[in-house]
Amino acid sequence: MKFKIVPVFLLILIVFAVLATGCTNSKETPVAVEPIEEVEEVAVESEYPLVIKHAFGETIIESKPERIATISWGNHDVPLALGIEPVGVSMANYGVLDESGLLPWTKAAFEKMGVTAPVIFNDMTGLDYEAINDAEPDVILAAYSGITQEEYNLLSEIAPVIAYPENAWQTYWRDQILLNSKGMGMQKEGQTLVAELENLISDKIAGYPVLEGKTAAFFWFNPTDMGKFYVYLPADPRAAYLTDLGMVFPQSVLDIAKGSESFAIELSAENADLLNDIDVIVTYGNEELLEIMKSDALIGMIPAVKRGSVAVIEDGTPLAASGTPSALSIGATIDEYLEILAAAAGLVE
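First, a word on what this report is: a plain description of the structure on this page. (Residues numbered from 1 in each chain as written. Predicted model: local features only at pLDDT ≥ 70, side-chain atom pairs only at ≥ 80, totals over all residues. Heavy atoms only, no water.)

1. Regarding the pattern of salt bridges
The test is simple: Salt bridge, as used here: a side-chain nitrogen of Lys or Arg that lies within 4 Å of a carboxyl oxygen of Asp or Glu. Note on exposure labels: buried denotes an accessible area under 20% of the residue type's maximum, exposed denotes more than 50%, and partly exposed covers the range between, all computed with a 1.4 Å probe on protein chains only.
This model, assessed by the stated rule, comprises eight salt bridges. We note a salt bridge from Asp 98 to Lys 107, for which the minimum N-O separation is 2.8 Å. For Asp 98, a relative accessible area of 33% translates into the label partly exposed. Taking the relative accessible area as the measure of exposure, Lys 107 reaches 27% and is therefore partly exposed.

Pasting the structure below:
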């Protein structure tokens, strides 16, 4: 069997366009996506200081932050969803339709607040520490990110940092909200937001019973090189989001994920037969990708590819960006996403 762990930089390549296991039958037992920690409610400032544990140790928040800065992917959507204007946010580098540097739902949230020129950190090639420092934040939200120990240390010289719980780029949307809202001193509001989004998802998927119990996994294929491809593992937020939408992880992906701390693994096309238990393949691409997959001697033998039950998400679009869900992207794109998934699932016998 040929597969290897994907390095962190590939997340940027694949996800941003530059971009948990079980032994029972996965059709019957979906993998639960639960918050990493049960957060105690913090309702009043007298309960400070707050202590938030994460991959680099712990962050202490002495008093309720007033100036919130965010870096990396989707973290800014948490304060915006809670009615707080961030003093600075990272530029979105995938799925942006204009020159704003913001995804549509983020831009709309700023505009709803009357903010037409938010401070945006141009950190496409690295964190802009000077710009972050100039924003004078009281806290820096980075619950979903890939910051290193060195970057965390440098950021901590500017303000307390809310880092990811365990591994880079592996914070589910619920935990992103809970951890970031805790860092803002708005933990109770964050819990309410999670509950609201769960109710929204539940209401929406009720209209798509065809998805219930279908095995699904998220992939990345290079149309110019079908000799290898990447499968996102259950630890990856976009893979886990499929289980929120009524689908389940196939046993093949659960087996591949065993012992891995990565969010994705590269597979050789020679191992395509491992994926025969997948009902629906979800992938970035364009209208030509499915035909290329079908015509490939190895990839074309995967049952999901043969019958066309492949949900192709147009690469570089806001919808593709929302595959990694955030506090605002879920409500903005869930209808379109469910339609595409249901069309693919409808082809499964």
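After that view, the rundown keeps rolling.
2. Topic: the packing of helix α7 (residues 187-205) against helix α13 (residues 329-345)
Condition: Every axis corresponds to a line fitted to the C-alpha atoms, with the helix fit spanning only the stretch in contact, and the corresponding angles, defined between N-to-C directions, vary from 0 to 180 degrees. Segments assigned H or I by DSSP are reported as helices when at least four residues long, segments assigned E as strands when at least two residues long, and all are numbered from the N terminus. Working rule for angles: under 35 degrees goes down as roughly parallel, over 145 as roughly antiparallel, 65 to 115 as roughly perpendicular, anything else as oblique. Crossings are classed by handedness, with left-handed meaning an anticlockwise turn of the near helix from the far one by less than a right angle and right-handed meaning a clockwise turn. Throughout, a contact is declared for two residues whenever any of their heavy atoms are within 4.5 Å.
Close contact between α7 and α13 brings their axes to 11 Å; oriented N to C, the two are set at 20 degrees. Taken as axis vectors, α7 and α13 run roughly parallel relative to one another. In this structure, α7 meets α13 at a crossing whose hand is right-handed. Residues Leu 197, Leu 200, Ile 201, Lys 204 and Ile 205 of α7 touch α13, and the partners they reach there are Ile 330, Gly 331, Ile 334, Asp 335 and Leu 338.

3. Brief notes about the side chain of Arg 238
Put simply, the rule reads: Definition of a polar contact: a pair of N or O atoms within 3.5 Å, with one able to donate and the other able to accept a hydrogen when the atoms are protein atoms, and with sequence-neighbouring residues admitted only if both atoms are side-chain atoms.
Among the structural elements, Arg 238 can be located in helix α8 (residues 237-244). A relative accessible area of 0% means that Arg 238 is categorised as buried. Here the side chain of Arg 238 touches Tyr 232 through a polar contact of 3.4 Å, side chain to side chain.

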